[in-house]
Amino acid sequence: VCCLYSNLFGTIDMSLIVESFLNGTNSFTLLAIPFFILSGELMIEGGISQRLINFCMSLVKDRPGGLAIVTIIASMFFAAISGSGPATVACIGGIMIPQMIRAGYSKEFSTAAAAAGGALGPIIPPSILFLLYGVATNTSVAKLFLAGAFPGILLGIAMIIIAKKISVKEKYVPGPEVKAELQKVYDMGFWYNFKEAIWALLVPIIILGGIYSGVFSPTEASVVACVYALFAGMFIYKDLKLMNLPGVFMRAAKSCSFIVIISFSTAFAKLLTLEGVTSSIANGVLDMTTNKYLILILINVLLLVVGMIMDAAPATIILSPILLKIVQPLGVDPIQLGVIIVMN
């Protein structure tokens, strides 16, 4: 679109578009994305996810809808490790969906529970989408991470309540065979499962504690997470073997391919800014109304529709500068807008 526009109208020098494309990923902050994705893959391969799930099972036990609740709680923990929705679904859903189906849960509900749990990945810090918003709007990533923690936990609690109600209504209780398998985890006891999962549970504390104490930046935190996951998987749990590493790196590289889309999105956002589209949209909206709450409601509706037809990463890069220009004159904090965009 950028190239076609430049050639047809000639108002924008093509070199500026190319430069924006190349600079789209030339950011120290964005370097955190591949490392957080790699840390997630290392934790999946290193057996950390299974130990997280066992710990969550020892918390929930055999209550109605217990497996669905475990799926969401484990997703919350893994979200605080990987920062990625797809990684959270692949890791937790890959283990829990087959177990839920075998336990008598419907395929639709099992899949929905894992997918909804995965939606916590971009909200609970560290978050890849918060990183993108921070780069697009020049906002503090550390403050965005802190702002996303409480809404993410609230959303997780809401999901647990809904999953519990649906499970009780549909009578989702594990049968004798599955119950016997789960009993082995329960019999190990809370403290045993806690001890096994402690290295996984420490990851969010190390990452977020290091960021907020000023020991390292979000990008450096992502590298620390990779080193930690590699060490824990190979030398503590010993599930991660040297021969597995090429496959882990390959999967992480494939997951990082969307970074190319970020470059194109950055170039498109630059085109909108240079042509004054961003300012025109902002002025047009503010001419219609200056009611802050009405504008925020309209933004939520817009983001809901955009989320149905567009991937989250490019949508965040393109829309964030436009929406920020609309709400900043009304006194809306850029951090608050970031949480609204990422939540949607």
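See the structure printed just above.
Residues numbered from 1 in each chain as written. Predicted model: local features only at pLDDT ≥ 70, side-chain atom pairs only at ≥ 80, totals over all residues. Heavy atoms only, no water.

Caption draft 1: Representation of the overall build of the protein in the model. What the protein contains, in helices and strands, is 18 helices and zero strands. Its C-alpha atoms give the protein a radius of gyration of 22 Å, within 12% of the compact-globule value 20 Å for 344 residues. Projected onto its principal axes, the C-alpha coordinates of the protein cover approximately 70 × 45 × 40 Å. Looking at the protein alone, contacts between residues at least 24 apart form 78% of all its contacts between residues at least 6 apart. Each charge sign in the protein was given a centre, from 20 positive and 17 negative side chains, and these centres are 10 Å apart. (Helix = DSSP H or I, 4+ residues; strand = E, 2+ residues; numbered from the N terminus. Rg over C-alpha atoms; globule rule 2.2 N^0.38 Å. Contact = heavy atoms within 4.5 Å. Lys, Arg positive; Asp, Glu negative; His and termini not counted. Charge placed at Lys NZ, Arg CZ, Asp CG, Glu CD.)

Caption draft 2: Representation of helix H4 (residues 48–60). Between the first and last C-alpha of H4 there are 19 Å, a value that for 13 residues agrees with the 18 Å anticipated at 1.5 Å per step. Burial analysis of H4 places eleven of its 13 residues in the buried class, which makes it a mostly covered element. Those residues of H4 lying buried are Ile48, Ser49, Arg51, Leu52, Ile53, Asn54, Phe55, Cys56, Met57, Ser58 and Val60. (Expected span 1.5 Å × (residues − 1). Buried < 20%, exposed > 50% of the residue type's maximum accessible area, 1.4 Å probe, protein only.)

Caption draft 3: Region of the structure containing the side chain of Arg51. If you trace the backbone, Arg51 turns up in helix H4. Apart from the residues lying within four places of it in its own chain, the contact partners of Arg51 are Gly46, Glu196, Ala197, Tyr237 and Asp239.

Caption draft 4: Examining a nonpolar patch on the surface more closely. Taken together, the side chains of Ile297, Val301, Leu304, Val305, Met308, Ile309 and Met310 define a hydrophobic patch exposed on the protein surface, amounting to about 710 Å² of accessible area. What makes Val305 partly exposed here is its relative accessible area of 44%. (Patch = residues over 30% accessible without salt bridge, like charges linked within 9 Å, V, L, I, M, F, W, Y side chains within 5 Å. Areas by Shrake-Rupley, 256 points an atom, 1.4 Å probe, with all protein chains shown as cover. Salt bridge = Lys/Arg side-chain N within 4 Å of Asp/Glu carboxyl O.)

Caption draft 5: Representation of the packing of helix H6 (residues 85–102) against helix H7 (residues 107–118) in the model. Between H6 and H7, the shortest axis-to-axis distance is 8 Å and the interhelical angle comes to 155 degrees. In this view, H6 runs roughly antiparallel relative to H7, as classed from their interaxial angle. You can see that H6 and H7 cross each other, and the crossing is right-handed. Each of Gly85, Thr88, Val89, Gly93, Ile97, Met100 and Ile101 in H6 lies in contact with H7, whose residues at this interface are Lys107, Phe109, Ser110, Thr111, Ala113, Ala114, Ala115, Gly117 and Gly118. Each residue belonging to the contact of H6 with H7 can be placed in one class, and the counts come to eight nonpolar, seven polar and one charged. (Axes fitted to C-alpha atoms, helices over the stretch in contact; angles between N-to-C directions. Parallel < 35°, antiparallel > 145°, perpendicular 65-115°, else oblique. Left-handed = near helix turned anticlockwise from the far one by under 90°. Nonpolar A, V, L, I, M, F, W, Y, C, P; charged D, E, K, R; others polar.)

Caption draft 6: Representation of the packing of helix H5 (residues 66–82) against H7 within the structure. Look at H5 against H7: their axes get within 8 Å of each other, and the N-to-C directions meet at 20 degrees. When the axis of H5 is compared with that of H7, the two are roughly parallel. By crossing handedness, the relation of H5 to H7 is classed as right-handed. Listed contacts from H7 to Ala68, Thr71, Ile72 and Ser75 of H5 are Phe109, Ala113, Ala114, Gly117 and Gly118. Broken down by class, the residue content of the contact of H5 with H7 amounts to five nonpolar, four polar and no charged.

Nothing here speaks to function; it is geometry throughout.
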